Each structure stands twice: as structure tokens, then as C-alpha cells.
Amino acid sequence: APADVASAAITRNGRAPLTFEPSTPPPTAAEAATQAAGQFTQNAQNAGISPQDAAAAHPAPGSPLELSFSPQQGVHKVGTTFQMQVNLAGGRDVFSVPMQLQYDPKLLDLVNVDSGDLLTKDGQTTALVHRDDGNGNVTISTSRPPGVGGVTGSGNLCTLTFEAKAAGDATVQIVKSAARNSAQTILPILAGSPAVVHVQ
């Protein structure tokens, strides 16, 4: 059966990774990333996944990949824009990574999401899509082109550009994350601590 980057494993609060049934594989990297983001968002809203479904994930062996923000803390004035990176460490044959973030929409505006250099380190083009619901929830998916291998190593997955809109302490956190390798095997992945933004 053809590989499908749209199926994803979600690890949350130390629970076993969950899988979702794949749909028809998209023909291009951009469509693959779009489909992955849509499937991730749809299935992230579902609850009550059975232990049998969770066990069917068969995550790849080895230490989990780790996601983190850089910088972890920052101080910015109202009306200014700033950037924050989402970094991945310990990658092994990483092909696609969808994630769901939350930020405080009363204090911050998400201006843009740009691709990082980790999944393009061998010169391949990475497709990145993001969906911001306007209430501080954003789904991001980055994916390599169909038919190519994944990348191994650590680096920047994407860069978030925010505008500071009101004074206060805002957090930015990864609430769900997933990863697959080039064989569409689930990779265990963990999200680090939230980033804290002090807006003055």
C-alpha cells in the first residue's frame, strides 16, 4: 500500500502513541503537508481511543525525539515583533512532523510560520502548512517530498513570528506532536517545557 504522511501518532502526558487511519496519499509535498495538518487536527479532537488502537501504533524503538522552543524566555515591548524557533533533537530518518501549539491570543498575535532548515538539510524542499483558529490554537505540519528519505540529526523545524499586543506574561506550548519516518513508521516524540514571553 502506498505510504501516507497523513496518519500520525500523538503522544500526550506520557500516554502511548495513538494512530489514526490514513487516507489517500497526496501526490505532492505541499498537498501531503496540507493533508497531514488536516488529518492531525481532525483526529486530535477525537477522544476515547481504545488501548487496542494505541497498541497498534508499533512505535519505532529508541529514545524519543524531543521538541523544544528557542529562546525559552523573552522580554518584548507591546507593538514589536519577535521570532521563536521550534527545534527537534535526536531525529532519526524524520520525514514529517505535525504539531499543535497554543499561545495566549490576548497578549500575542501569530504573524507567520516559516520552515526551518532541519528537513531541508540535504537540499530537498520542505512543505509547511499552518492553520491558526484565531483563538490561540495553531496546527503546523512540515513534511518532506513523497518518495525521498528522512533526515537524521537535530535542528530547527520551523520559526514562529509573533507580535506582542498587550502587556503580561504569555506562554507558548506544544500540546500535541507527532512524527513519522520515510517508511511511515511512527517515531516516539516528546514536547518540552512551554516558552514564556514577558510583554511590557
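*Asks:* Before we move on, could you go through the overall build of the protein and cite the residues and values that matter?
*Replies:* The secondary structure content of the protein amounts to two helices and 11 strands. Each helix and strand of the protein, ordered N terminal to C terminal, gives the series α-α-β-β-β-β-β-β-β-β-β-β-β. The buried share of the protein, taken over its 200 residues, is 46%. Look at the contacts in the protein between residues 6 or more apart in sequence, and 77% of them connect residues 24 or more apart. Accessible area for the protein stands at about 9,100 Å²; split by element, carbon and sulfur atoms hold 49% of it.

*Asks:* So what's going on with the environment of K106? Residues and values would help.
*Replies:* Looking at the element boundaries, K106 is found in the loop between β3 (81–103) and β4 (108–115). Put simply, K106 and A170 are 64 residues apart on the chain and 8.7 Å apart in space, counted from C-alpha to C-alpha. If we ignore the near neighbours within four places in the chain, the residues touching K106 are K165 and A166.

*Asks:* Please provide a residue-by-residue account of unusual backbone geometry, values included.
*Replies:* The amide bond that connects S70 to the next residue, P71, takes the cis arrangement and shows omega of 0°. One non-glycine residue, D93, lies in positive phi territory at about 55°. Its place among the elements puts D93 in strand β3. At Q184, a residue that is not glycine, the phi angle is positive and equals roughly 65°. Tracing the chain through its elements places Q184 in the loop between β9 (180–181) and β10 (189–191). Among the residues examined, Q184 registers a relative accessible area of 12% and is labelled buried.

*Asks:* Go over the confidence of the model for the protein with me, naming the residues and quoting the values.
*Replies:* Here the protein averages 79 in pLDDT, while 69% of its residues score no lower than 70. Ranking the elements of the protein by mean pLDDT puts helix α2 (residues 51–55) last with 36 and strand β11 (residues 195–199) first with 97. Counting interchain partners and residues more than four positions distant, the pLDDT-below-50 stretch residues 43–60 has 22 contacts.

Thresholds applied
Residues numbered from 1 in each chain as written. Predicted model: local features only at pLDDT ≥ 70, side-chain atom pairs only at ≥ 80, totals over all residues. Heavy atoms only, no water. Helix = DSSP H or I, 4+ residues; strand = E, 2+ residues; numbered from the N terminus. Buried < 20%, exposed > 50% of the residue type's maximum accessible area, 1.4 Å probe, protein only. Contact = heavy atoms within 4.5 Å. Areas by Shrake-Rupley, 256 points an atom, 1.4 Å probe, with all protein chains shown as cover. pLDDT = per-residue confidence, 0-100.

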